[in-house]
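Per-entry structural report
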Amino acid sequence: MKQRVNGTTLFVQDQGQGAPIILLHGFPLDHRMWQSQVDALSPSYRVIAPDFRGMGQSDVPVSPMSLTHYAQDILAIMDEKGIEKATLGGFSMGGYVALALLRLAPERFSALIFANTRPEPDGQEGRKNRMNMAVNLYDKGPAAARDAMLPKLVTPATLQDQPQLIDDLRTAMDSMPAEGLVHASIAMAFREDSVELLSSIQVPTLVIAGEQDAIAPPDVMKAMADRIAGAQFHVIPSASHLTPMEKPEAFNDLLFSFLQEITP
Ligand code: MLT
C-alpha cells in the first residue's frame, strides 16, 4: 500500500497481525527482498517492509538525502500506523538506517536484527566509489548498480545454480529509479560512524553474517556483535551478502528462534 508521510509517498508492505516487525531493505533493492521472511513471519507477526524514498515504488527524493532522512520516514510510517514500539531489522543499507533510527528514537524499538551490515562509516576510497557509482547511474541507469552489485550479493555457486533467484534479482534491480539510487549512494557515502552507538543498545539483538560476504564480512559483524551487550551472533554457511534471499530457510530459522526467545 502507498502511504503519504513527510511530504512524499512511500510504498509500505504491511502484512499479518501481532507484534510489529519492521524490515529495512538493502541497496539497490526494495521490500521484495524480504518476501520469504514476510511469508514466514506474517502468520504470527505484523510485518512491515517499506521501500525507502527513491527505491522500489516509493517517490524519488527532490532534495539531498541523509540516512537520518530515511530514518525519519520510518518513524513517520510508525506514527501514521499508530505503532509505538517495534522489533527492527535492517539488512546492509537497511542496517545503516536502523542505526540512524537508534540515534533518533531508541525508545521506539524493543529488539534489533542486524543482517550483513556494519557500523563503520565509509573511508575516502569508499566515498569515491560511491561518487563513481552515482555518475555511472546517470550514464547507464540502474544497470550500473545491478552490474556492480549482483556478483557480490550471492556466492558463485548460487549465481550458477539458482537462475530463478538471479532473474528475480535482476528484475528488481532494473526496476529501480536511477536517481533514487544516486541519493542512496550519496547518503551511504556520508553516513555517520555508529561504532560508539553500539554500546548504548539495551535491547535483545540478533546479528547475522554470511560466511562468504565480502561487503560485511563475518569478522566485521562479529566485532559489531561483540560491542552490543548480550547480542547473539550467527554466521550462515555457504552464503554471501544477501542472506535473507540466498539462504531464506537458515535466515528464517534464526529469526524465529530469536523472536520466540524474546516474545515467548
Ligand atoms: C547493501 O546491500 O545495502 C549495500 O551493499 C550497502 C553498501 O553498499 O554499503
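Residues numbered from 1 in each chain as written. Predicted model: local features only at pLDDT ≥ 70, side-chain atom pairs only at ≥ 80, totals over all residues.

The name an unreviewed UniProt entry assigns to the chain is AB hydrolase-1 domain-containing protein, from the organism Paenibacillus pectinilyticus.

1. Describing the overall build of the chain
To keep it simple, the criterion reads: For helices the rule is a DSSP run of H or I covering at least 4 residues; for strands it is a run of E covering at least 2, with both sets numbered from the N terminus onward. As a reference, a globule follows 2.2 Å times the number of residues to the power 0.38, and the radius of gyration itself is taken over C-alpha atoms. With C-beta atoms placed from the backbone, a residue is buried if 20 or more other C-beta atoms are within 10 Å of its own, exposed if 12 or fewer are, and partly exposed between those counts. A pair of residues counts as a contact when their C-beta atoms, built from backbone coordinates, are within 7 Å of each other.
When you go through the chain residue by residue, the secondary structure sums to 11 helices and 8 strands. Relative to the compact-globule value of 18 Å for 264 residues, the chain shows a C-alpha radius of gyration of 17 Å, a close match. When the backbone C-alpha atoms are referred to their principal axes, the chain occupies close to 50 × 45 × 35 Å. A total of 264 residues make up the chain; the buried ones form 45% of that total. Residue pairs at least 24 apart in sequence account for 77% of intrachain contacts in the chain once pairs closer than 6 positions are excluded.

2. Considerations on the environment of Leu259
Take Leu259: it is sitting in helix H11 (residues 248–262). On the basis of neighbour count, Leu259 is assigned to the buried category, with 20 C-beta atoms found within 10 Å.

3. Describing the site of the ligand
Stated precisely, the cut-off is as follows: As used in this record, a residue near a molecule or strand is one whose C-beta atom, placed from the backbone, is within 6 Å of it. Nonpolar residues are Ala, Val, Leu, Ile, Met, Phe, Trp, Tyr, Cys and Pro. Charged residues are Asp, Glu, Lys and Arg, and all others, Gly as well, are polar.
Neighbouring residues of the ligand: Gly26, Phe27, Ser92, Met93, Met188 and Ile215. Residues that form the shell around the ligand fall into these classes: 4 nonpolar, 2 polar and no charged.

4. As for the sheet that holds strand S2 (residues 8–15)
Threshold: Two strands form a pair only when DSSP identifies at least two bridges running between them. Fitting a line to C-alpha atoms yields each axis, with helices limited to the stretch in contact; the angle taken between N-to-C directions then spans 0 to 180 degrees.
The mixed open sheet is built from 8 strands, whose spatial order is S1-S2-S4-S3-S5-S6-S7-S8. The open sheet terminates on both sides in strands that have one partner only, identified here as strand S1 (2–5) and strand S8 (232–236). On average, adjacent strands in this sheet sit at an angle of 25° to one another, irrespective of strand direction. As paired strands, strand S6 (residues 109–115) and strand S7 (residues 205–210) are joined by 4 bridges and run parallel to one another. Paired with Ala115 across the two strands is Ile208, which belongs to S7. In the packing of helix H3 (residues 93–104) onto the sheet, the strands contacted are strand S3 (20–24), strand S5 (86–91) and S6, and the crossing angle to S5 comes to about 140°. Taken strand by strand, helix H9 (residues 218–226) contacts S6, S7 and S8, and its axis lies near 170° from that of S7.

5. Quick word on the UniProt feature "domain: AB hydrolase-1" (unreviewed entry) in the chain
How we decide: UniProt positions are given in the numbering used here, feature names are shortened, and annotations may be inferred rather than shown by experiment.
Per the UniProt entry, the sites bearing "domain: AB hydrolase-1" (unreviewed entry) are residues 20–248 in this numbering. Note that residues 20–248 is 46% helix and 15% strand, and that its end C-alpha atoms are spaced 20 Å apart.

6. Re the nonpolar core
Our working rule: As used throughout, a nonpolar core is a set of buried Ala, Val, Leu, Ile, Met, Phe, Trp, Tyr and Cys residues joined through C-beta atoms within 7 Å of each other.
Tyr70, Val97 and Ala98 are the most contacted members of the largest nonpolar core, which totals 76 residues. Sorting elements by how many residues they give to this core places H3 first, with 8 residues. The residues touching Tyr70, leaving out its near neighbours within four places in the chain, are Phe52, Arg53, Met65, Val97, Ala100 and Ala187.

7. What to know about the packing of helix H4 (residues 124–140) against helix H5 (residues 143–153)
Inclusion rule: Angle categories are assigned with fixed cut-offs, so that under 35 degrees is roughly parallel, over 145 is roughly antiparallel, 65 to 115 is roughly perpendicular, and the rest are oblique.
The N-to-C vectors of H4 and H5 enclose an angle of 125°; their axes lie 7 Å apart at closest approach. Here H5 runs oblique to H4, going by the angle between their axes. Contact residues: Met133, Asn136, Leu137, Asp139 and Lys140 in H4; Ala143, Ala144, Ala145 and Ala148 in H5.

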